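Coordinate analysis (summary)
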Amino acid sequence: MKKEIKLPEIADNVVTGYLASILVSVGDIIEEDQSVVEVETDKATTDIPSPYAGKIIDIPVNVGDEIRVGQVIMVLETDAPARTLPPGKGGVEETPVPSVEFEAPSVIPDLIRDPVATSTIHTGAFTPAAPSVRRFARELGVDINRVVGTGTAGRISDDDVKAHAKSVIQSGGGSSFSNLQHGYAEVPDFSQWGSIRKEAMSRIRQLTAESTLNSWQTIPQVVQFDKADITEVEKFRQASKRQVEKSGAKLTMTAILLKVSALALQHFEKFNASVDMKNTKVIYKDFVNIGVAVDTPQGLLVPIVKDVDKKNLTELSIELGQLAEKARTKKLTSDEMQGGNFTISNLGGIGGTAFTPIVYPNQVAILGVSKAIMEQVFRDGKFEARNMMPLSLSYDHRLIDGADGARFLGWICKVLEQPFSLWL
Ligand code: CAO
């Protein structure tokens, strides 16, 4: 039997809240009273438990959505009898619903990694912890999703929360404390100078704010600039477009940059690594996963293309198109947002001559791409019109030195200019 779980009343006079996290996925078998979502209001963050055991078959809401009391947040397949609820109080209702195809909509990326606990961070997926433990974490201002559980199957105890809080305090704080207000100065009352409007930050905006701040404060960044002559690559792209279109995809410059970056990451393994200052280790990876910044109506999202080195340009074009579409329609799963080693941010389709992107936490470099234009270039004793694409590489100076950065970006430019040089 299908049943809808609706948002129950959270507190007096509270009719809406923001969906802070989804703790389960479509297909999960859940227990009665297991927390399924966390809802943030301006008063508190509250776990919403499922009144029934059953199988999740639909989650028609997304992290960051503003949801109203009584709105359907989940659909269950269950054998349990319906509970009687006071009218208008939300909860579960025995309403027959059409079955729909659905992809788990979780948009919590691994933008923010805990500065202390770098493993087993529950982002977007179900975080195994009892409601009392969640309450305890909230009281301490600890984000439960960042606590490493030491119990069976990663279950989190009060002691785990305490240990986490202690380690964050010892390391000088960080993004594990869920309340964004912590440590921030009050802003002036701007209304003294004219009329103003206040708007709650969406969840994606908060995550981007935390991630960029975390990066800015913890990664000493340097930016290296260069220009790639893409005249020949662009000719190749135009000539090969039709062939890729047969697979239903568009061969874009970003897909080509994914391929070239993957080769560069294999050639310069430091750029495919992470810095673990706590254990004074450099972590080298044998896989090549690359994030691509996607501009969406909801804000910036960075889906990860996995194993880029093992895929050809057609496969990459298909996957990139699908991920960008999922990002724009809020259908990315948390798995599709995690595990990136390097990032590409291509603003060339929008415009601009150069910019300085920010390295993602737990990565060591990001490639910024600006708009390619025809320029006069002095080659072989004469000026020639060439298609020149500005590139900027921001990198983490804790691991990468200036010469490394210049070599890495120079290598990318050379491969874009003369792809056949790879065969030599
Ligand atoms: N220089 C010149 N033209 C470029 C270009 C570049 N660097 N990059 C793309 N273009 C052109 C393409 O050639 C395409 O033209 P055609 O239709 O003639 O082929 C057009 O711009 C549109 O490209 P696209 O959007 O179809 O494909 P893409 O691979 O360039 O971009 C994606 C995909 C997902 C990267 C892009 O849609 C996007 O979201 N970009 C914004 C990324 C962003 O926000 N970065 C900032 C992050 S930090 O805040």
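The sections below set out a description of the structure shown in this document. For clarity, every value in this text was computed on a predicted model and none was experimentally measured. (Residues numbered from 1 in each chain as written. Predicted model: local features only at pLDDT ≥ 70, side-chain atom pairs only at ≥ 80, totals over all residues. Heavy atoms only, no water.)

**Re the site of the ligand**
Operational definition: Near, as used in this document, describes a residue that has one of its heavy atoms within 4 Å of the molecule or strand being considered. Whenever two N or O atoms come within 3.5 Å, that pair is a polar contact, provided that in protein one can donate a hydrogen and the other can accept it, and provided that, for residues adjacent in sequence, both atoms are side-chain atoms. Reported accessibility uses the Shrake-Rupley method at a 1.4 Å probe radius. Residues are deemed covered only where the shown protein chains occlude them. Working definition: helices are DSSP H or I runs of at least four residues, strands are E runs of at least two. Numbering for both runs from the N terminus.
Taken together, 20 residues form the shell around the ligand, and within it K250, T254, R328, S345 and A372 come nearest. One nitrogen or oxygen atom from the side chain of R237 is found 2.9 Å from an oxygen atom belonging to the ligand. A372 places a polar main-chain atom, nitrogen or oxygen, 2.8 Å from a nitrogen atom of the ligand. If the ligand stood free it would expose 960 Å²; the protein chains cover 70% of that surface. When contributions to the shell around the ligand are tallied by element, the ones reaching two or more residues are α4 (231-245), β14 (294-296) and β17 (342-346).

**Here we look at unusual backbone geometry**
We count it as follows: With a 1.4 Å probe rolled over the protein chains alone, any residue whose accessible area is under 20% of its type maximum counts as buried; one over 50% counts as exposed, and the rest are partly exposed.
Although it is not a glycine, T280 adopts a positive phi angle of roughly 40 degrees. By secondary structure assignment, the location of T280 is in the loop between β11 (273-276) and β12 (281-284). Taking relative accessible area as the criterion, T280 reaches 69% and is therefore assigned exposed. At N362, a residue that is not glycine, the phi angle is positive and equals roughly 70 degrees. Residue N362 is classed as partly exposed on the basis of its relative accessible area of 23%.

**Focus: the side chain of S392**
Rules: Two residues qualify as a contact provided that any one of their heavy atoms is within 4.5 Å of a heavy atom in the partner residue.
You can see S392 is positioned in strand β20 (residues 382-396). Of the polar contacts made by the side chain of S392, one reaches the backbone oxygen of F355; its length is 2.7 Å. When residues no more than four places from it in sequence are discounted, the contact partners of S392 are V223, Q224, F225, F355, P357, I366, L367 and G368.

**Here's the deal with the pattern of salt bridges**
Pairing between side chains becomes possible if they bear opposite charge and their charged atoms approach one another. To keep it simple, the criterion reads: Salt bridges are defined by distance alone: a side-chain nitrogen of Lys or Arg within 4 Å of a carboxyl oxygen of Asp or Glu.
Following the criterion strictly, the structure yields 21 salt bridges and no others. Between R386 and E232 there is a salt bridge, with its nearest N and O atoms 3.7 Å apart. Of the two residues, R386 sits in strand β20 while E232 sits in helix α4, which places them 154 residues apart along the sequence. A relative accessible area of 35% places E232 in the partly exposed class. For D335, the salt bridge is made with K306, and the minimal N-O distance between the two is 4.0 Å. Of this pair, D335 sits in the loop between α6 (313-328) and β17 while K306 sits in the loop between β16 (304-305) and α6, and the two are 29 residues apart along the sequence. Judged by relative accessible area, which is 22%, K306 ranks as partly exposed. If you follow the salt bridges from partner to partner, you end up with D229, E232, K235, R379, K382, E384 and R386 in one network.

**Describing the pairing of β20**
Put simply, the rule is: Strands are treated as partners if at least two bridges between them are detected by DSSP.
Most of β20 sits inside the fold, with twelve of its 15 residues counted as buried. Bridge count for strand β10 (residues 221-229) against β20 is nine bridges, and the pairing is antiparallel. Bridge pairing in β20 links A228 to M389. Relative to β20, strand β18 (residues 365-369) runs antiparallel, the two sharing five bridges. Across the sheet, G368 pairs through a bridge with S392, a residue of β20. In this sheet, β20 lies alongside strand β19 (residues 373-379) in antiparallel orientation, the contact comprising seven bridges.

**Things to note about the environment of I56**
Among the secondary structure elements, I56 is positioned in strand β6 (residues 54-58). Residues I56 and V75, spaced 19 residues apart in sequence, show a C-alpha to C-alpha distance of 6.0 Å. Ignoring sequence-local partners within four residues, the contact set of I56 consists of V24, S25, V26, G27, D28, I30, M74, V75 and L76.

**Topic: the nonpolar core**
Worth spelling out the cut-off: As used in this record, nonpolar core signifies buried Ala, Val, Leu, Ile, Met, Phe, Trp, Tyr and Cys residues forming a set joined through side-chain atoms within 4.5 Å.
Grouped together as the largest cluster of nonpolar side chains are 53 residues, with contacts concentrated most on L391 and L416. Counting residues per element, this core draws most heavily on helix α5 (residues 253-267), at nine residues. The residues touching L416, leaving out its near neighbours within four places in the chain, are A228, D229, I230, V233, I256, L257, V260, M389 and L391. Within the second largest apolar cluster, 20 residues are counted, among which are I56, V61, V63 and I73.

**Considering a nonpolar patch on the surface**
Cut-off, in case you're wondering: Each patch is built from residues that are more than 30% exposed by relative accessible area and take part in no salt bridge. Like charges join if they lie within 9 Å; nonpolar side chains (Val, Leu, Ile, Met, Phe, Trp, Tyr) join within 5 Å.
A surface patch of nonpolar side chains, amounting to about 470 Å² of accessible area, comprises V187, F190, W193 and I196. Within the secondary structure, W193 is located in the loop between α2 (158-170) and α3 (203-218).

**With respect to the pairing of strand β4 (residues 35-40)**
Here β4 lies mainly inside the structure; five of its six residues are buried. Pairing of strand β2 (residues 16-22) with β4 involves four bridges; the strand directions are antiparallel. Residue pairing for β4: I22 is matched across the bridge by V37.

**As for the environment of V305**
Checked against the element boundaries, V305 lands in strand β16. Residues V305 and G339 lie 34 residues apart in sequence; the distance between their C-alpha atoms is 9.2 Å. Dropping the residues within four chain positions of it, V305 is found in contact with L258, V288, N289, I290, V292, L316, E319 and L323.

**Regarding helix α7 (residues 402-417)**
Short version of the rule: Helix span, as expected, comes to 1.5 Å for every residue beyond the first.
Its 16 residues place the ends of α7 22 Å apart at the C-alpha level, agreeing with the 22 Å of an ideal helix rising 1.5 Å per residue. Listing the buried residues of α7 in full gives D404, G405, F408, L409, W411, I412, C413, V415 and L416. Of the surrounding secondary structure, the elements contacted by the buried residues of α7 are β10, α4, α5, β17, β18 and β20.

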